[in-house]
Amino acid sequence: MDILYWIIIGITFLVSFIALIYPILPGVLFLAAGFVIYGLAFSFEPFTPFFIIVQVLLFISLFIVDYVGNAYAVKKKGGSKAALWGSTIGLIVGPFVIPVAGILLGPFIGAVVAEMIFQRKGLKPAVSIGIGTVLAFVGTTLIKVLTQAIMIGYFYFQVL
């Protein structure tokens, strides 16, 4: 039975990384679910107060990086809230409409279209904002991959 629990924990961790590409999935919740499943299946004893504080701070940082990174890039490129909304909608819809490439094209197209329609910007500035949103997405995704890997590594260090 222990092997089954470890497989389930591993799957929850894997899904948390898949959620970085398909943001409709609640990646952070899958990561937390892996910790809770371990506690229920084996023991919560390895989860010291220090462990919990570190994990909570890293969970919070995942949300902050996601929001602040995209908002900063859009603002730096001269984009509006419409571009933020457009890129977010594109990020959610893109991977389902255009598998694989949609993860980058969705936010780009969403930001460009939003800027052109709602802010009446020309193609060139809208494209610049779109490129900024894609670069922000790639950058924040890399930071989130690293953060999640640290969280999972720390979990294994604590429980094994």
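Refer to the structure presented above.
**Student:** What should I look at first to understand the layout of surface pockets in this one?
**Tutor:** Any space left empty among the atoms is revealed by the rolling of a water-sized probe across them. Taken as a whole, the largest pocket spans an internal volume of roughly 890 Å³. Surrounding the largest pocket, 33 residues form its lining, Asp66, Tyr67, Asn70, Thr88 and Leu91 being those nearest its centre. Counting residues per element, the ones that place at least two in the lining of the largest pocket are helix H2 (27–41), helix H3 (49–76), helix H4 (81–97) and helix H6 (123–159). Considering every element that reaches the lining of the largest pocket, the biggest residue donor is H3, with 8 residues. Among the residues forming the lining of the largest pocket, the class breakdown is 19 nonpolar, 10 polar and 4 charged.

**Student:** Where do I start with the packing of aromatic side chains in this structure?
**Tutor:** Given two aromatic rings, their pairing is described by the distance between the two centres and the angle made by the two planes. According to the stated counting rule, one finds 20 aromatic pairs in the structure shown. Between the aromatic rings of Phe35 and Phe47, the centroid separation amounts to 6.5 Å while the plane-to-plane angle is 55°, which identifies the pairing as tilted. Placement of Phe35 in helix H2 and of Phe47 in the loop between H2 and H3 is noted, with a sequence separation of 12 residues between them. Phe47 shares its class with Phe35; the two are buried. Ring centres 5.0 Å apart and planes at 35° place the aromatic pair Tyr38 and Phe42 in the tilted group. Overall, the relative accessible area of 7% leaves Tyr38 in the buried class.

**Student:** Even after reading the chapter, I still don't get the nonpolar core, so can you show me in this structure?
**Tutor:** As a rule of thumb, nonpolar side chains are buried together in soluble globular proteins. By size, the foremost hydrophobic cluster in this structure holds 16 residues, and its most contacted members are Phe13, Leu31, Phe35, Phe47 and Phe155. Looking at this core, the elements that each hand over two or more residues are helix H1 (2–18), H2, H3 and H6. Ranked by the residues each element gives to this core, the list is headed by H6, at 5 residues. Sequence-distant contacts of Leu31, defined by excluding residues within four places in its chain, comprise Thr12, Phe13, Ser16, Phe59, Gln148, Met151 and Ile152. Among the nonpolar cores identified, the runner-up in size contains 6 residues, and Ala71, Ala83, Leu84 and Ala111 belong to it.

How each quantity is defined
- Residues numbered from 1 in each chain as written.
- Predicted model: local features only at pLDDT ≥ 70, side-chain atom pairs only at ≥ 80, totals over all residues.
- Heavy atoms only, no water.
- 1 Å grid on protein atoms, 1.4 Å probe; cavity = no way out; pocket = protein on both sides within 12 Å on 5 of 7 lines; lining within 4 Å.
- Points joined across faces, edges and corners; volume = space filled by probe spheres on them.
- Helix = DSSP H or I, 4+ residues; strand = E, 2+ residues; numbered from the N terminus.
- Nonpolar A, V, L, I, M, F, W, Y, C, P; charged D, E, K, R; others polar.
- Phe/Tyr/Trp six-rings, centres within 6.5 Å; stacked < 30°, edge-to-face > 60°.
- Buried < 20%, exposed > 50% of the residue type's maximum accessible area, 1.4 Å probe, protein only.
- Core = buried A, V, L, I, M, F, W, Y, C linked by side-chain atoms within 4.5 Å.
- Contact = heavy atoms within 4.5 Å.

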